[in-house]
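Residue-level listing of the chains:
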Amino acid sequence: MATIERLALTDFRRRVVAGAFPDFQRLADAFSAMQFVQADPIRSPARAQDLMLRQRVNGYVAGELEATFPDLDAEEGYLFAYGFMTPEVWRELRWRPIRKLKKLERDVLDAVAELGEVHPRGLDERFGRKSVKNYWGGKSQQTKRILEHLHHHGYLRVARREKGIRVYQVPEQTDGQDSDPRARYRRLVMTTVHVFGASTKTMVVSELRNHNHLLPSRQERLAAVESLIEDGHLKEVQVAGITYLWRRENWLEEEVPDRVRILAPFDPLVRDRTRFQQLWGWDYRFEAYVPAAKRVRGYYAMPVLWRDQVIGWANANVADDRLKVQLGYVGKRPREKAFRMQTEAEVEATSKFLGLPSGAWELAW
DNA sequence: CCAATCGGCTAAGCCCGTAA
DNA sequence: TTACGGGCTTAGCCGATTGG
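Caption draft 1: Expanded view of the pairing of strand E13 (residues 309-319). Inspection of the sheet shows strand E12 (residues 302-306) paired to E13 by five bridges, in the antiparallel sense. What sits directly across from leucine 305, in E13, is valine 310. Taking the residues between adjacent antiparallel strands as the criterion, E12 and E13 are bridged by two residues, where arginine 307 takes a positive phi near 55°. Note that E13 and strand E14 (residues 322-329) share eight bridges and pair antiparallel.

Written out as structure tokens, the structure is:
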């Protein structure tokens, strides 16, 4: 058994950051290469999927994914979070175990098959309106809950969105239900490590808990990850006592440019909060679900990356057609002129991405 | 008729207690 | 010590309805 390669924290950090932002000219290329982009509807100042794509696609504008979704090879579904993914990934997670469909569920499915593309409101006439309690403790229409349930279990796909609202249809019945669950789980592991870059075994298995039905015992799940290392698909590196997994093809040597990036709270670079703590020495927390009075950094504080360091956060919103950005720092604000220039360039780029005119922004340092 | 209000849609992190 | 499940926490936007 070969000893595990060790890497200094500084080298590891540079490598993780350098690998996190592949540069694409076209959305379609970026999307198929990324394989998965997490969705979040909060717009402060833009949806998470748009904030993540703009860091990887040249000239990307907010809403582009939603507008071009039907032309992309894309599906929606739940991997380790809800999001947009390639058909290849969707195939692995599409079918989930389900009890026999109830009468109403079967009727809704038949209605979608008959109508083609269905907006949730499009079922009102046929099924009437009935509010039920949803996952968040709020209210939803009963038929909307059934559409989501049918989608989650592979009976429906999302064809497109109308102003953020999902429009469903019956997918082509490609097979996949009987493919080997262990092989499916292994491919989901590879996708997860591809999305995040260096990940610990614990983190990957924990993130994929929504797919535990594929391999019911934890021992099996860990063994599946282990087998990917043995087969040479994943490489191990040890950083200050923590062992990370890395896909061999993502193991690149690149330099990190002098650049400021304002990141979504769910950006793959920052989403693993444990890795975040090891790389940058502070605890980043997403506070949208924290009561307003208890928030430390803000409702939707976005991590700010400077070179290979996450040095603070930004709160941003649009008011009166102007982008307003407020920065905060964990330590001291970098003094270099380059930081100031690069920050202004990032804010200008963000306002452009939001469809605002050049210079329509204010920056509070 | 216009403005205000309401219902519905969209998303998961985090903490804590208990079990393994 | 770690894993896991339960429970708690928001806000922007849009369209329909209601009230003045």
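Caption draft 2: Examining the sheet that holds strand E1 (residues 5-6) more closely. Strand order in the open sheet formed by three strands is E1-E9-E10, with mixed pairing between adjacent strands. Each of the sheet's edge strands pairs with one partner strand only, and the pair in question is E1 and strand E10 (242-247). In this structure, strand E9 (residues 234-239) lies alongside E10, joined through six bridges in antiparallel fashion. If you follow lysine 235 over to E10, its bridge partner there is tryptophan 246. Sheet strands in contact with helix H1 (residues 9-20) are E9 and E10, and its direction is about 30° off that of E10. Where helix H11 (residues 218-230) meets the sheet, it contacts E9 and E10, and its direction lies at approximately 100° from that of E9.

Caption draft 3: Representation of the packing of aromatic side chains. The final tally for this structure, using the stated rule, is 17 aromatic pairs. Here the aromatic rings of phenylalanine 80 and phenylalanine 196 are separated by 4.7 Å at their centres, their planes lie at 35°, and the arrangement is tilted. Of this pair, phenylalanine 80 sits in the loop between strand E3 (75-78) and strand E4 (82-85) while phenylalanine 196 sits in helix H9 (residues 181-196), placing them 116 residues apart in sequence. Here the two residues phenylalanine 80 and phenylalanine 196 agree in accessibility, since each one is buried. Three or more aromatic residues link up through ring pairs in this structure, and these residues are Phe276, Trp280, Trp282, Tyr284 and Trp313. Lying over the aromatic face of phenylalanine 353, arginine 54 brings its terminal NZ or CZ to 5.6 Å of the ring centre.

So, how was this worked out
Residues numbered from 1 in each chain as written. Chains lettered and ligands numbered in written order. Predicted model: local features only at pLDDT ≥ 70, side-chain atom pairs only at ≥ 80, totals over all residues. Heavy atoms only, no water. Pairing = 2+ DSSP bridges. Helix = DSSP H or I, 4+ residues; strand = E, 2+ residues; numbered from the N terminus. Contact = heavy atoms within 4.5 Å. Axes fitted to C-alpha atoms, helices over the stretch in contact; angles between N-to-C directions. Phe/Tyr/Trp six-rings, centres within 6.5 Å; stacked < 30°, edge-to-face > 60°. Buried < 20%, exposed > 50% of the residue type's maximum accessible area, 1.4 Å probe, protein only. Lys NZ or Arg CZ within 6 Å of the ring centre and 35° of its normal.

Purely geometric stuff here, so don't read any function into it on its own.
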